[in-house]
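# Architecture and fold: a report
Single-letter residue listing:
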2 protein chains.
Amino acid sequence: MSLRHAVLGLLAHHPGSGYDLLKKFRLSLANVWPATQSRLYGELGKLLEAGLIEVTDVGARGRKEYAVTDDGRAELLRWMTSPQEDPPFRSAQLLRVSLLGQQSPAGARGYLHSLRLHAELEHSRYQQIRDAYDWSGSDGFFARLALENGLRFTRMEVDWADWALGRLDRRPGQ
Amino acid sequence: MSLRHAVLGLLAHHPGSGYDLLKKFRLSLANVWPATQSRLYGELGKLLEAGLIEVTDVGARGRKEYAVTDDGRAELLRWMTSPQEDPPFRSAQLLRVSLLGQQSPAGARGYLHSLRLHAELEHSRYQQIRDAYDWSGSDGFFARLALENGLRFTRMEVDWADWALGRLDRRPGQ
DNA sequence: TCCATCATGTAACCAGTTACATGATTTC
DNA sequence: GAAATCATGTAACTGGTTACATGATGGA
C-alpha cells in the first residue's frame, strides 16, 4: 500500500491536483514507484474518503486541488518508519536465472548477456539523468540519493553478469 | 504473470504435487519469487485449464502429481526470452528515500541507518546460506548465481547507505 | 488416541493494468 | 475551427494477500 504514501508525500511537499501529481509520477517518481492515471485517481478518492487529504480548491475544468490533512501527515510519518509492511521482494530476472537450468547452455549464456546489456543501458540512462540536472537545491538532494542507488545497482548488475558468465565458461562438466 | 513460470520451471525440472512445489517455494525460491499456498493452488488450476500442465498421477489423500505438457514447455521457453513483459520496477525503500525531505534531518539520518543495518543483516544471512550448502552439483549452479546477486546487492546497499550518510553530514545549509 | 504432517481448496479483499469515455480550455 | 493539453473518471480483469475450512494418514 505505497502509492498511497507516494501521494501523501508529494502533496505534503506541495498541494496539487491529480493531473499535477501525474506529471510528478511520470518524471521524478517513474523509476521508483510508477503509477497509472486511473490508479492515481482511484487512490485520491480513497485518501479523501479516509480523511488523509482534503480538497482545498476547485478550479477551471473541474480541477480539484488536494492538500494533506493532519491525519495524512501523521500517516506519512508512521509509514516512513514501517519498512516491515513493504511488499515482499520479487525479481523476474532472478527467477529466470534460477530456472536457467531448463535452458540450453547457449540459451543460458545468451540470457546472461542480455541482462548485462540491459543493465549497461540502464546505467548510462541514469548517468544522463545525473549529468542533465542541477542537484544542488534542497529539492533534489534525496532524489540524488535515490538516483545514486540506481547507478550503483546497474553497475553491480553488469559486474555480476560478468562474474556469472565467467563462471559459466569455467563450469565443470558440460 | 511469473508465478505461472516459476511453477512451469519447477515442474519442468521435476514433476510434483502442489504440496511439493510449496516446499520448493519456501526453500529455494523464497528469496526470488515468494508464493502463498492459496495462490499456488489457484495457479495450478489455471495452468491445468490452459493445458500447460497435466495430472500424471493421483495418490493418497487426494495428492495430484503434475507434469508440464509440451505446450507448457514451449510457454516456459517463450517467457525465458521475454523480459519486456516483467512487472515494472517498484521500490518502497527508494520511495521513502525520495520522500525523506518531509522528515526531520534526524529522522532522515535514522532511516538511512536502519537501511544500512537491514542490508547488513541480509548480507550475512546470504553468507550463511552460501557457506551452508554444497553448490557443486548441476542443480545448484544457477541458484548460486542468484545467491551471488543477492550478496552483491546487499553489499551495494551497505556501501550506498554509507555514501548517503556521508553526503547527509556534509550537506550544505541545514 | 493424539499430534504432526500431508494435502487441497474457497472467500473476501486490495493493488495494479489496460482500455474506454467524456468534456473544457488554450493556442495556433 | 482544429489540435494539443488540461482534467477527471469508470469497467473489466489479473495477480496477490490473509483468513478460513476440511480431511487423510503415519508414527509416538
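### Quick notes on the relation of the copies chain B and chain A
The two copies are related by a screw motion: chain B maps onto chain A through a turn of 180° and a shift of 0.0 Å along the axis, at an RMSD of 0.0 Å. Given the turn and translation reported, the copies of this chain are related as if by a two-fold rotation axis. Comparing interface residues between copies, 100% of those in chain B also lie at the interface in chain A; the contact surface is shared.

### Here we look at the protein's contact with DNA strand D
Looking at DNA strand D, there are 20 residues lining it, with Y19, Q37, Y41 and K64 of chain A together with M1 of chain B nearest. For DNA strand D, the backbone portion of the atoms within 4 Å of the protein, that is sugar and phosphate, comes to 64%. Contacts to DNA strand D include Y41 of chain A, whose side-chain N or O atom sits 2.6 Å from a phosphate oxygen. Within the side chain of R90 of chain A, a nitrogen or oxygen atom sits 2.9 Å from a phosphate oxygen of DNA strand D.

### Observations regarding the packing of helix 1 (residues 3-13) of chain A against helix 4 (residues 70-80) of chain A
Residue and element names in this part refer to chain A. Two elements in contact, helix 1 and helix 4, have axes whose closest approach is 10 Å; the angle formed by their N-to-C orientations is 120°. In terms of axis orientation, helix 1 runs oblique to helix 4. The crossing of helix 1 and helix 4 is left-handed. Of the residues in helix 4, those touching helix 1 at H5, L8, G9 and A12 are G72, R73, E75, L76, R78 and W79.

### With respect to the protein's contact with DNA strand C
In the vicinity of DNA strand C lie 20 residues, with M1 of chain A together with Y19, Q37, Y41 and K64 of chain B positioned nearest. Protein-adjacent atoms of DNA strand C, using a 4 Å cutoff, are sugar or phosphate at a proportion of 66%. One of the side-chain N or O atoms of S38 of chain A is found 2.7 Å from a base oxygen in DNA strand C. In the model, a phosphate oxygen of DNA strand C is placed 3.0 Å from a nitrogen or oxygen of the R39 of chain A side chain. Listed by contribution, the elements that provide at least two residues to the surface near DNA strand C are helix 3 (37-49) of chain A together with helix 2 (18-26) and helix 3 (37-49) of chain B. For the surface near DNA strand C, a count of residues per class yields 6 nonpolar, 7 polar and 7 charged.

Definitions and cut-offs
- Residues numbered from 1 in each chain as written.
- Chains lettered and ligands numbered in written order.
- Predicted model: local features only at pLDDT ≥ 70, side-chain atom pairs only at ≥ 80, totals over all residues.
- Heavy atoms only, no water.
- Least-squares fit on C-alpha atoms with pLDDT ≥ 70 in both.
- Contact = heavy atoms within 4.5 Å.
- Near = heavy atom within 4 Å.
- Polar contact = N/O pair within 3.5 Å; in protein donor to acceptor, adjacent residues only side chain to side chain.
- Axes fitted to C-alpha atoms, helices over the stretch in contact; angles between N-to-C directions.
- Helix = DSSP H or I, 4+ residues; strand = E, 2+ residues; numbered from the N terminus.
- Parallel < 35°, antiparallel > 145°, perpendicular 65-115°, else oblique.
- Left-handed = near helix turned anticlockwise from the far one by under 90°.
- Nonpolar A, V, L, I, M, F, W, Y, C, P; charged D, E, K, R; others polar.

Everything listed is a geometric property; what it means functionally is a separate question.
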